[in-house]
Amino acid sequence: MAETEPAVFTNMCMICDGQGHVLVQNRIDPNWGGIVFPGGHVEPGESFVESVIREIREETGLEIRHPRLCGVKQFPNDEGARYVVLYFKTDEFSGTLRSSEEGEVFWVDRAELMNYPLVPDFPEMLEVFESEDLSEGYYYKEDGQWKVRNL
């Protein structure tokens, strides 16, 4: 058995404003569209923390500080690599909010979040983001269907 495998690293960040709101992005993506937290790919040679800071700046116009790693999501992609999404959280930011070609960004009341048209697995992701007892969303196929176990 191989001791290494190819991997794709991405990130996502839950940004809270301290007044009960979270920043979301309405993704313009036919394969995975809907409301989700902003984020993107880790560039080769880039640190994970610096990648989430850069992605949030590019997609929202905000400069985040002190993003804390709070979990991961992982699954095998169609190319045989392990696709890893690093989950970060922060409530420290500055700047002027603006949308990008990735989608519209806006603040929503956390209590109303589940009433929006979310990406299909958002409830499972949110559980990891907000739980002190969970740190991983492990996605796998069973009988041709995607399943997730939050661990």
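Rules behind the numbers
Residues numbered from 1 in each chain as written. Predicted model: local features only at pLDDT ≥ 70, side-chain atom pairs only at ≥ 80, totals over all residues. Heavy atoms only, no water. Helix = DSSP H or I, 4+ residues; strand = E, 2+ residues; numbered from the N terminus. Expected span 1.5 Å × (residues − 1). Buried < 20%, exposed > 50% of the residue type's maximum accessible area, 1.4 Å probe, protein only. Contact = heavy atoms within 4.5 Å. Salt bridge = Lys/Arg side-chain N within 4 Å of Asp/Glu carboxyl O. Phe/Tyr/Trp six-rings, centres within 6.5 Å; stacked < 30°, edge-to-face > 60°. Lys NZ or Arg CZ within 6 Å of the ring centre and 35° of its normal. Arc of directions from axis to C-beta. Disulfide = S-S within 2.5 Å. Pairing = 2+ DSSP bridges. Axes fitted to C-alpha atoms, helices over the stretch in contact; angles between N-to-C directions.

Enquirer: Looking at this structure, how should I read the environment of Tyr140?
Expert: Looking at the element boundaries, Tyr140 is found in strand E10 (residues 136–142). Each C-alpha atom of the pair Tyr140 and Phe75 lies 6.3 Å from the other, and the pair is 65 residues apart in sequence.

Enquirer: Help me understand helix H1 (residues 48–60) in this model?
Expert: Along an α-helix, residues three or four apart share an orientation, since each turn contains 3.6 residues. The first and last C-alpha atoms of H1 sit 18 Å apart over 13 residues, in line with the 18 Å expected at 1.5 Å per residue. Ser51, Val52, Ile53, Arg54, Glu55, Ile56, Glu59 and Thr60 are the residues of H1 that are buried. Along its buried surface, H1 packs onto strand E1 (7–15), strand E2 (21–27), strand E4 (39–41), strand E5 (62–65), strand E7 (82–90) and strand E9 (103–109). Once H1 ends, the next one or two residues include Gly61, with phi positive near 85°.

Enquirer: Just to check I follow, could you spell out the pattern of salt bridges for this structure?
Expert: According to the stated counting rule, one finds eight salt bridges in the structure shown. With a closest N to O distance of 2.7 Å, Glu46 and Arg54 form a salt bridge. Under the relative-accessibility criterion, Arg54 is labelled buried at 13%. Among the charged side chains, a network of salt bridges with common partners joins Glu43, Glu46, Arg54, Glu55 and Glu58.

Enquirer: Explain the packing of aromatic side chains to me, please; I cannot follow it from the model alone.
Expert: Any two aromatic rings considered together are summarised by their centre-to-centre distance and by the angle between their planes. Under the definition given, this model contains ten aromatic pairs. Pairing Phe37 with Phe129 gives two aromatic rings, centres 5.0 Å apart and planes at 75°, and the pair type is edge-to-face. With Phe37 in the loop between strand E3 (34–36) and E4 and Phe129 in helix H2 (residues 122–130), the pair connects residues that are 92 residues apart, well separated along the chain. Among the aromatic residues, those joined into a ring-pair cluster are Phe37, Tyr87, Phe122 and Phe129. Here Lys73 stacks its cationic end above the ring of Tyr139, 4.9 Å away from the centre of that ring.

Enquirer: Help me out: how do you make sense of H2 in this one?
Expert: Within the sequence span of H2, burial applies to Phe122, Met125, Leu126, Val128 and Phe129. All buried residues of H2 project into a common sector of 160° when viewed along the axis, lining one side. For H2, the secondary structure elements touched by its buried residues are E1, E3, strand E6 (68–76), E7, E10 and strand E11 (145–150).

Enquirer: How should the state of the cysteines be read in this particular structure?
Expert: As used here, a disulfide is simply a covalent bond connecting the sulfur atoms of two cysteines. Considering all chains together, one arrives at zero disulfides under this definition. Here Cys16 stays unpaired: no disulfide links it, and the sulfur of Cys13, its closest cysteine neighbor, is 8.5 Å away. Cys70 takes part in no disulfide bond, and the closest cysteine sulfur to it belongs to Cys13, at a distance of 8.0 Å. For Cys70, a relative accessible area of 17% corresponds to the buried category.

Enquirer: Whenever I open this one, the sheet that holds E3 confuses me. Can you help?
Expert: Strand pairing in a sheet is mediated by backbone hydrogen bonds. Such pairs are either parallel or antiparallel. In space, the three strands of this open sheet follow the order E3-E2-E9, with antiparallel pairing throughout. This sheet does not close on itself; its edge strands, each paired only once, are E3 and E9. Mean inter-strand twist for the sheet, computed between neighbouring axes without regard to direction, equals 35°. Judged from the seven bridges that link them, E2 and E9 form a sheet pairing that is antiparallel. Within E9, the position partnered with Val24 by the bridge is Phe106.

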